[in-house]
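In case you want the letters, here they are:
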Amino acid sequence: MVNKRIDGPTGTETVGHEWDGIEELDTPMPRWWLWTLYLTIVWGIVYVILYPAWPLVDKATEGVLGWSSRGELAKEMSVVDQGRVTMREELSRIPIERLPENSKMFTQAVAGGRSAFQVHCSQCHGSGAAGSQTLGYPNLNDDDWLWGGDIKAIEYTLTNGIRAPGVEKTRASIMPPFDGVFEPVQLEAVVNHVLSLSGRGSRNALGAQTFQDNCSVCHGTVGEGNRDLGAPRLNDAIWLYGSSHEQLRNQILKPKMGRMPHWSDRLDPVTIKMLSAYVWSLGGGEEFVEVAADPAVKVDAEP
Amino acid sequence: MPNRDPSRASSAPPRREGEDSEPTVVVEGGLAKTNEPVSSAVAEPEAATRRHEPHEPPRQHLPAKLFEKRTKVHNKRVDGPFRRFKWFVMFVTLAIYYGTPWIRWDRGPYAPDQAVLIDLANRRFYMFGIEIWPHEFYYVAGLLIMAALGLFLVTSAVGRAWCGYACPQTVWTDLFQHVDRFVDGDRNARIKLDAAPLGPKKLGKRAFKYTIYLIIAFWTGGAWIMYFADAPTLVRDFWAGEAASAAYITVAILTLTTFTLGGFMREQVCIYMCPWPRIQTAMMDEKSLLVTYKDWRGEPRGSVKKAKSEPEKFGDCIDCLQCVAVCPTGIDIREGPQVGCITCALCIDACDKVMAEIGRPRGLIDYATLDDCKKEANGEATRPPWKALLRPRTVAYFLIWGSIGFAMLFALGVRSHVGLSVTPDRNPPYILMSDGSVRNSYTLKLRNMESRPRDMEIALQGLPDAVMWIDTTGRDGAARKQIKTVPADQVLAVRAYVIAPPGTDTDDFSFRLTSRDEQKESVETKARFDTPKVGE
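All values reported here derive from a predicted model rather than from experimental measurement. (Residues numbered from 1 in each chain as written. Chains lettered and ligands numbered in written order. Predicted model: local features only at pLDDT ≥ 70, side-chain atom pairs only at ≥ 80, totals over all residues.)

**Some remarks on the overall build of chain B**
Turning to step 1, where the next piece is worked out: Counting secondary structure elements, chain B contains 18 helices and 17 strands.
Turning to step 2, where the next piece is worked out: Within chain B, buried positions represent 30% of all 536 residues.
Turning to step 3, where the next piece is worked out: Counting contacts in chain B only where the partners sit at least 6 residues apart, residues at least 24 apart contribute 69% of the total. (Helix = DSSP H or I, 4+ residues; strand = E, 2+ residues; numbered from the N terminus. Buried ≥ 20, exposed ≤ 12 C-beta atoms within 10 Å, placed from the backbone. Contact = placed C-beta atoms within 7 Å.)

Here it is, written out as structure tokens:
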């Protein structure tokens, strides 16, 4: 029940309700408060004219200023793109072997390479570039390189691929299958000899002789490997296809040989440069030595 | 002679002169209830409650009035100790506000030389010898807590002193009112000018006044942005049109708000917009100092002439309305404590002057607590107002406030200016190297909070056989320690590779970062070395 009265001390009317003796004064609002209401209305009208406001079927009214959040995003993106263009231009002018000396460019190249790696390389080499032993994709973090680990060699591999069909300068070599070549005893002996190169199997004369006759041409007399041929080191702790007797036997009889696509027709040279920098930066990158200036290998054409 | 008539003072509150209606007293259930205003002398909880106890008040309907026109305040010039104090506070606070950004403070070649600078772009806060990084924002939070507690402290000690003297709204309103007085003259002249029709003279005066308003407002907005960039550079850029658009927008907004709030809204801000008066009413009690009119002494009001003929019938208040004339918020303090009173005490100055002229004791309007009002009305001895400051609540607030401040200063004094965070590579967790050893990779972030480049030493703690190298040394430079120069006032990210011989167990270890200067500041961060072999 509305029970308005005039409050004595203030001379103001109450709102007419009362809760346990507590009443509320119906103090009039200040006049300027009304102006703020009118101001918001004016503001609203101006806003509707200037900015997108009324929703229509497929979009909203456009507003006189033509502003849109998409447009704003496009503007910001173009600023970023512009910066990237400048960076890429600078990057394209630097010879790859000089890149690590320029720490600012190198940092940007590594950052760009990291995102390109996630898009183009992580499918096989993994997002952390750790590869996969079961599938035979090499780990790119370690210091074991089949074809060379300086930044220029990495760039060459990326550009031309490994055993990439139809690419003239691709890195190519072949491990001949020895199925039916060795006697079982001879096979076991050579497996043991290969393991002994890294200090695990038992040394034996038959194995050593067989290795000397059949394997050392490519893998070297002590199994040091040959990067020109992509022949892996056999005297280290890293085994791309596994290091058990069984896995070694299989690799001798029916060798697996990895392939990598060439990226020269899919990625531009600057992206390849950035990818090289990223892979090189993973911790196993080797110093570029001037004498190895031409990493192009002279190998027999792929059969 | 503060209590000439104790019997009158202790009785029910005196009726106001000229009030047309009788006090409405309703007897209900043996209780007499009244609608009369409650004197501050009897301001006990029961009185207020009884006043609003439900009963049948006289019905009366006013014409509906939704909005009320603001009555413009033309406060009169006054002089006195409180006015002089207000001048002093105004001078000090404005000097601090306008002047602080121009104070220089040498921090060497790698840091800005502005004493107080909020460097948003580089995320640094400089305050004289203190530099705050974003991760130390809790110092700023502490400062805000201190500001809040400081307000509680001041309120509990001296009531709304903040509102009356130091609040920016009060200071700027005061400044603008002085401009009014300077251009248009004192109270009466201003009222006359307001009523006058708009002619060339009035137009000229208004234009002149608003120009001064605008200059002050612009200066105020301009001073604000000086805290966020190097002041001399910013001033040059600003006038050359080369400053950031945010600077111009900020100045424009603050010019507009200062012009509006200081020039026109004034006391409306205090009465309608500001939450602080509402919070403060909850924080004050009968022991808080406030500006109060001693109605038991002043009522009933009567002119000097009337009082001369019938001295027994009239109180000390001669109804000269000087207290109303000087009030910057336009209230009548004689109506009792109210939300519109900012306790600037100008009415005390005005009333004391009048009392001196007519030869009556000062302090008819005075700083007093409600407790003291009651005692004084009853003729008991009262304490001097300054003693009201010393009470448990005030002391407790002061101790809390002080200890927070002390704790922050202590923490600032002993904080370390180096920092190290370690992020291990998780994919892959470890790498087998061709010689059979195991490598883990980490991203280290070296933090140098000094304003000069520092050589820092990163060392391995634990993992006795392990060595490390960083991206700039390569594996050839692997050792137990590496040295890196961290640029002034920056965080440097470093890739670190830790390598351990074959057969090492998974183990915890830590990186220790030590500055290679006389401070030898050091910090240690734990990390984990993963290997294929998991130790028991």
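There is more to say after this.
**Focus: the overall build of chain A**
Turning to step 1, where the next piece is worked out: Within chain A, the regular secondary structure consists of 10 helices and three strands.
Turning to step 2, where the next piece is worked out: Helices and strands appear in chain A in the N-to-C order β-β-β-α-α-α-α-α-α-α-α-α-α.
Turning to step 3, where the next piece is worked out: Compactness check: chain A gives a C-alpha radius of gyration of 36 Å against a globular reference of 19 Å for 303 residues, more than 25% above the reference.
Turning to step 4, where the next piece is worked out: Split into buried and exposed, the 303 residues of chain A put 28% on the buried side.
Turning to step 5, where the next piece is worked out: The contacts in chain A between residues at least 6 apart in sequence include a share of 54% that link residues at least 24 apart. (Rg over C-alpha atoms; globule rule 2.2 N^0.38 Å.)

**Quick word on the pairing of strand β8 (residues 365-368) of chain B**
All names here are of chain B.
Turning to step 1, where the next piece is worked out: Burial along β8 is two-sided: Ile365 and Tyr367 facing one way and Asp366 and Ala368 facing the other are all buried.
Turning to step 2, where the next piece is worked out: With four bridges connecting them, strand β7 (residues 290-293) and β8 associate as antiparallel partners. Among the inter-strand pairings, leucine 290 is bridged to a residue of β8, identified as alanine 368. (Pairing = 2+ DSSP bridges.)

**Topic: the packing of helix α4 (residues 138-158) of chain B against helix α18 (residues 392-414) of chain B**
Residue and element names in this part refer to chain B.
Turning to step 1, where the next piece is worked out: Look at α4 against α18: their axes get within 9 Å of each other, and the N-to-C directions meet at 160°. One finds that α4 runs roughly antiparallel with respect to α18. Two packed elements cross with a definite hand, and for α4 against α18 that hand is left-handed. Where α4 approaches α18, its residues Tyr139, Gly142, Ile145, Met146, Leu149, Gly150, Phe152, Leu153, Ser156 and Ala157 are matched on the opposing element by Arg393, Thr394, Tyr397, Phe398, Ile400, Trp401, Ile404, Gly405, Met408 and Leu412.
Turning to step 2, where the next piece is worked out: Of the residues that constitute the contact of α4 with α18, the class distribution is 14 nonpolar, five polar and one charged. (Axes fitted to C-alpha atoms, helices over the stretch in contact; angles between N-to-C directions. Parallel < 35°, antiparallel > 145°, perpendicular 65-115°, else oblique. Left-handed = near helix turned anticlockwise from the far one by under 90°. Nonpolar A, V, L, I, M, F, W, Y, C, P; charged D, E, K, R; others polar.)

**Regarding the sheet that holds strand β4 (residues 116-119) of chain B**
Residues and elements named next belong to chain B.
Turning to step 1, where the next piece is worked out: Here three strands make up an open sheet; going across it, the order is β4-β5-β6 and the pairing antiparallel. Each having just a single partner strand, β4 and β6 (130-132) make up the two edges of the open sheet. Along the sheet, successive strands turn relative to each other by an average axial angle of 10°, direction set aside.
Turning to step 2, where the next piece is worked out: Of the pairings in the sheet, the one linking β4 to strand β5 (residues 124-127) comprises four bridges and is antiparallel in character. Directly across from leucine 117, in β5, lies its bridge partner tyrosine 126.

**A closer look at the confidence of the model for chain A**
Turning to step 1, where the next piece is worked out: In this model, chain A carries a mean pLDDT of 88, and residues with pLDDT of at least 70 account for 94%.
Turning to step 2, where the next piece is worked out: With pLDDT under 50 throughout, residues 292-303 of chain A is counted as low confidence; its partners more than four residues away or in other chains account for 14 contacts. (pLDDT = per-residue confidence, 0-100.)

**Some words on the domain arrangement of chain A**
Residue and element names in this part refer to chain A.
Turning to step 1, where the next piece is worked out: Domain boundaries assigned for chain A yield domain 1 (72-171 + 259-292) and domain 2 (184-253).
Turning to step 2, where the next piece is worked out: Its C-alpha centre places domain 1 at a distance of 31 Å from the equivalent point of domain 2.
Turning to step 3, where the next piece is worked out: On the side of domain 2, nine residues touch domain 1, which itself brings 10 residues to the contact.
Turning to step 4, where the next piece is worked out: In terms of residue class, the side of domain 1 that touches domain 2 is made up of four nonpolar, three polar and three charged. (Domains from an automatic or database assignment.)

**Focus: the UniProt feature "domain: Cytochrome c" (unreviewed entry) in chain A**
Residue and element names in this part refer to chain A.
Turning to step 1, where the next piece is worked out: Under the feature "domain: Cytochrome c" (unreviewed entry), the UniProt entry names residues 108-198 and 202-283.
Turning to step 2, where the next piece is worked out: Measuring from the first to the last C-alpha atom of residues 108-198 gives 39 Å, for a span that is 45% helix and 0% strand.
Turning to step 3, where the next piece is worked out: Within residues 202-283, the helical portion is 43% and the strand portion 0%, while the C-alpha atoms at the span's ends are 33 Å from each other. (UniProt positions renumbered as here; feature names shortened; annotations may be inferred.)

**Considerations on helix α10 (residues 245-265) of chain B**
Residues lying three or four places apart along an α-helix face the same way, a consequence of the helix completing one turn every 3.6 residues.
Turning to step 1, where the next piece is worked out: If you check α10 of chain B, its first and last C-alpha atoms are 28 Å apart, about what 21 residues at 1.5 Å a residue would give, namely 30 Å.
Turning to step 2, where the next piece is worked out: Lining the buried residues of α10 of chain B we find α6 (168-184), α8 (200-225), α9 (231-240) and α11 (267-273) of chain B. (Expected span 1.5 Å × (residues − 1).)

**Some details on the sheet that holds strand β14 (residues 481-486) of chain B**
Residues and elements named next belong to chain B.
Turning to step 1, where the next piece is worked out: Spatially, four strands are ordered β14-β12-β16-β17 in an open sheet, and the strand pairing comes out antiparallel. With one partner strand each, in any of the chains shown, β14 and β17 (522-529) form the two edges of the open sheet. Sheet twist, expressed as the average angle between the axes of neighbouring strands with direction ignored, equals 25°.

**A closer look at the pairing of β5 of chain B**
Residues and elements named next belong to chain B.
Turning to step 1, where the next piece is worked out: Where β4 folds back onto β5 in an antiparallel hairpin, the turn is made up of four residues, including arginine 123, whose phi is positive at roughly 55°.
Turning to step 2, where the next piece is worked out: The pairing of β5 with β6 spans three bridges and is classified as antiparallel. Of the residues in β6, the one forming a bridge with phenylalanine 125 is isoleucine 132.
Turning to step 3, where the next piece is worked out: The antiparallel hairpin formed by β5 and β6 contains two residues in its connecting segment, where phenylalanine 128 sits at a positive phi of about 50°.

**Here we look at the nonpolar core**
Turning to step 1, where the next piece is worked out: Membership of the largest hydrophobic core comes to 41 residues, with the highest contact counts inside it found for Val291, Leu346, Cys347 and Ile365 of chain B.
Turning to step 2, where the next piece is worked out: Put simply, the parts of the chain that give this core at least two residues each are α4, α5 (161-166), β7, α15 (322-326), α16 (346-357), β8 and α17 (370-377) of chain B.
Turning to step 3, where the next piece is worked out: Considering every element that reaches this core, the biggest residue donor is α16 of chain B, with six residues.
Turning to step 4, where the next piece is worked out: When sequence neighbours within four positions are dropped, the list of residues in contact with isoleucine 365 of chain B reads Val291, Tyr293, Cys323, Ile333, Cys347, Ile348 and Cys351 of chain B.
Turning to step 5, where the next piece is worked out: Grouped together as the second largest cluster of nonpolar side chains are 31 residues, Leu91, Ile96, Leu146 and Trp147 of chain A included. (Core = buried A, V, L, I, M, F, W, Y, C linked by C-beta atoms within 7 Å.)

**Details of the packing of α6 of chain B against α10 of chain B**
All names here are of chain B.
Turning to step 1, where the next piece is worked out: Contact geometry for α6 and α10: axes closest at 8 Å, N-to-C directions at 70°. Viewed along their axes, α6 and α10 adopt a mutual orientation that is roughly perpendicular. Of the residues in α10, those touching α6 at Gln169, Trp172, Thr173, Leu175 and Phe176 are Thr258, Leu261, Gly262 and Gly263.

**Things to note about the UniProt feature "transmembrane region" (unreviewed entry) in chain B**
Residue and element names in this part refer to chain B.
Turning to step 1, where the next piece is worked out: When the UniProt feature table is mapped onto this chain numbering, "transmembrane region" (unreviewed entry) sits at residues 85-103, 137-158, 210-227, 247-265 and 395-414.
Turning to step 2, where the next piece is worked out: In this annotation, residues 210-227 is assigned 89% helix and 0% strand; the end-to-end C-alpha distance for the span is 27 Å.
Turning to step 3, where the next piece is worked out: Structurally, residues 247-265 is divided into 100% helix and 0% strand, and its ends, taken at the C-alpha atoms, are 25 Å apart.

**Concerning α17 of chain B**
All names here are of chain B.
Turning to step 1, where the next piece is worked out: Here α17 lies mainly inside the structure; six of its eight residues are buried.
Turning to step 2, where the next piece is worked out: For α17, every residue scored as buried is listed here: Leu370, Asp372, Cys373, Lys374, Glu376 and Ala377.
Turning to step 3, where the next piece is worked out: Glycine 379, located one to two residues past α17, shows a positive phi value of around 80°.

**Description of the environment of phenylalanine 208 of chain B**
All names here are of chain B.
Turning to step 1, where the next piece is worked out: The residue phenylalanine 208 is located in helix α8 in this model.
Turning to step 2, where the next piece is worked out: Judged by C-beta crowding, with 14 C-beta atoms within 10 Å, phenylalanine 208 ranks as partly exposed.
Turning to step 3, where the next piece is worked out: Taking C-alpha positions, phenylalanine 208 is 47 Å from threonine 394, a pair spaced 186 residues apart along the chain.

**Considering unusual backbone geometry**
Residue and element names in this part refer to chain B.
Turning to step 1, where the next piece is worked out: For the bond from glutamate 299 to proline 300, the omega torsion is -15°, close enough to zero to count as cis.
Turning to step 2, where the next piece is worked out: Secondary-structure assignment places proline 300 in the loop between α13 (295-298) and α14 (304-309).
Turning to step 3, where the next piece is worked out: In this chain, asparagine 427 is followed by proline 428 through a cis amide linkage whose omega measures -5°.
Turning to step 4, where the next piece is worked out: In this fold, proline 428 is placed in the loop between β9 (418-424) and β10 (431-432).
Turning to step 5, where the next piece is worked out: Of note in this structure, leucine 321 is not a glycine but carries a positive phi near 65°.
Turning to step 6, where the next piece is worked out: By the secondary structure assignment, leucine 321 is in the loop between α14 and α15.

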